[in-house]
Amino acid sequence: MSASATVPSAVSDPEEEGAGTRALLARIGAYLDSLVVPSAAVLVSVALFGLFVSLAGANPIEVYETMYRGAFGTWFSFQNSLQRAAPLMLTGLCTALPARLGLTVIGGEGALYVGGVAAGAAGSYFTGSSPYVVLTIMAVTSMAFGGLWIGGAGALRAKRGVNETISSLLLSYIGIAVCNHLIEGPLRDPQSLNKPSTLHIGEQNMLGPVPGLDVHYGLVYGIVACLVCWLLMDHSTFGFAARIVGGNPRAARLSGLAVPRLLITVCAIAGAAAGLAGMIEVAAVHGKANASLAAGYGYTGILVAFLARHSPLGIIPVSLILGGISASGGLLQRTFGLPDATVSVLQGVLFVVVLASETYRGKFSWFSRLLTPVRKGAMA
């Protein structure tokens, strides 16, 4: 073959180059468009919270500076934020995963409580075994009970058409009430007088700190769970099928997908993540199951999921930010005399504004229009 014959194959087609450039610019424009609404929602929330604290007699700028110091300003505060972020990653998954199928599950608090009590009971029963055995049994038990709890809400939706938002919330109340009965009755440690709890799992079975950090291994559990769920939902045939169900359930049924089974399975995985958060609170913080498990991590996890746009990877940084906001509450109280629950107001404002902003998604195309001349140039 002559050298001249090989020249045309080495020259790229201008039309193909133009199409590739246009596709790339379209993806960039869509990505930038997706940042506009949530960024605006956060800014509006910050402004509203600033108005709230100013009415309470505090300087908003100083409040935000103090919140930053209490969340990330020192090594101690940063580690405190990391520790609070660990359960939020897992409860955030409890809402984010079903959302991929178009479900709104808000029962993470109940699944966390049920999983924590189950883990506490299992840990105290096997307390004489090896710590690795005890922690493994606690993890499996908590995930099983949490998965059954949220999986039940998924089954009600798949089999009977019951709204999963209502059923998961009501199941939370039922789970907390039943577990409180067990803690105060059959599972109660006789020595827990003023604050009923289960038997202690033993100091040797507690989750220790990550080497080099004053943060328990629950942080590792949370990060690994987010990575695994990201691979499952974004890089597997199972996740692809779930996204098809979330995009168009009727088309999914016509294509032969087992929609009810997918709904129940994803809800069970989501509940297992929240149940594992309960196990971490028992094994790393309390050492036993008691009413302190209901610390609101399940409800904050709903906000985490929505701020992260239901992305398992996005949950990691969002959990850290909200964990830092929560960690700064005590410093606000000491510095400005504001209630410790002031940070809950910010979280509530964020949640309401972010939900309201969802109606504006896809209605702005500023970046796409800005990139239009570039696309025409590429076509030329």
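Coordinates for the structure precede this section.
Conventions we followed
- Residues numbered from 1 in each chain as written.
- Predicted model: local features only at pLDDT ≥ 70, side-chain atom pairs only at ≥ 80, totals over all residues.
- Heavy atoms only, no water.
- Helix = DSSP H or I, 4+ residues; strand = E, 2+ residues; numbered from the N terminus.
- Buried < 20%, exposed > 50% of the residue type's maximum accessible area, 1.4 Å probe, protein only.
- Contact = heavy atoms within 4.5 Å.
- Areas by Shrake-Rupley, 256 points an atom, 1.4 Å probe, with all protein chains shown as cover.
- Polar contact = N/O pair within 3.5 Å; in protein donor to acceptor, adjacent residues only side chain to side chain.
- Core = buried A, V, L, I, M, F, W, Y, C linked by side-chain atoms within 4.5 Å.
- Patch = residues over 30% accessible without salt bridge, like charges linked within 9 Å, V, L, I, M, F, W, Y side chains within 5 Å.
- Salt bridge = Lys/Arg side-chain N within 4 Å of Asp/Glu carboxyl O.
- Axes fitted to C-alpha atoms, helices over the stretch in contact; angles between N-to-C directions.
- Left-handed = near helix turned anticlockwise from the far one by under 90°.
- Phe/Tyr/Trp six-rings, centres within 6.5 Å; stacked < 30°, edge-to-face > 60°.

**Remarks on the overall build of the chain**
Along the backbone of the chain there are 17 helices and zero strands. Of all 380 residues assigned to the chain, the portion counted as buried reaches 43%. The contacts in the chain between residues at least 6 apart in sequence include a share of 75% that link residues at least 24 apart. With an accessible surface of roughly 18,500 Å², the chain has 66% of that area assigned to carbon and sulfur atoms.

**A few points about the side chain of asparagine 290**
Mapped onto the fold, asparagine 290 is located in the loop between α11 (259-286) and α12 (297-307). Judged by relative accessible area, asparagine 290 falls into the buried class, the value being 5%. A distance of 2.9 Å separates a polar atom in the side chain of asparagine 290 from the backbone nitrogen of serine 292. Not counting residues within four places of it along the chain, the set of residues in contact with asparagine 290 comprises Tyr113, Ile183, Lys195, Pro196 and Ser197.

**With respect to the nonpolar core**
Counting residues in each nonpolar core, the largest one holds 76 residues, and the members touching the most others are Met138 and Met279. Looking at which element gives the most residues to this core, the answer is α11, with 15 residues. If we ignore the near neighbours within four places in the chain, the residues touching methionine 279 are Gly115, Gly116, Ala119, Leu135, Met138, Ala139, Ser142 and Tyr221. Judged by nonpolar contacts, the second largest core, of seven residues, contains Ile302, Val349, Val353 and Val354.

**Section: a nonpolar patch on the surface**
Where nonpolar side chains cluster on the molecular surface, the patch consists of Ile166, Leu170, Tyr173 and Tyr299 and spans about 430 Å² of accessible area. For the nonpolar patch, the element with the highest residue contribution is helix α7 (residues 164-184), accounting for three residues. Within the element layout of this structure, tyrosine 299 appears in helix α12.

**Thoughts on the packing of helix α3 (residues 60-73) against helix α13 (residues 312-327)**
As a packed pair, α3 and α13 sit with axes 8 Å apart at the nearest point and diverge in direction by 115°. As α3 packs across α13, the resulting crossing turns out to be right-handed. For the pair formed by α3 and α13, the contact residues are Met67, Gly70, Ala71 and Phe72 on the first element and Leu320, Ile321, Gly324, Ile325 and Ala327 on the second.

**Side note on the packing of aromatic side chains**
Using the criterion set out here, one finds seven aromatic pairs in the structure. Ring centres of tyrosine 68 and phenylalanine 72 lie 6.3 Å apart, and the angle between their planes is 50°; this geometry places the pair in the tilted category. Highlighted residues: tyrosine 68 and phenylalanine 72, both in helix α3, separated by four residues, approximately one helical turn. Here tyrosine 68 falls in the exposed class, since its relative accessible area comes to 51%. Aromatic side chains phenylalanine 72 and phenylalanine 78 sit 6.4 Å apart centroid to centroid with 50° between the ring planes, which places their arrangement in the tilted category. Accessibility expressed as a relative area gives 26% for phenylalanine 78, which makes it partly exposed. In this structure an aromatic cluster arises from ring pairing among Tyr68, Phe72, Trp75 and Phe78.

**Quick notes on the pattern of salt bridges**
Tallying each qualifying case throughout the model produces three salt bridges. The partner of arginine 100 in a salt bridge is aspartate 234, with the nearest N and O atoms 2.8 Å apart. Residue arginine 100 is found in the loop between α4 (75-99) and α5 (108-125), and its partner aspartate 234 is found in helix α8 (residues 218-234); the two are separated by 134 residues along the sequence. Judged by its relative accessible area of 25%, aspartate 234 falls in the partly exposed class. Where aspartate 234 meets arginine 243, a salt bridge forms, and the shortest distance between an N and an O atom there is 4.0 Å.

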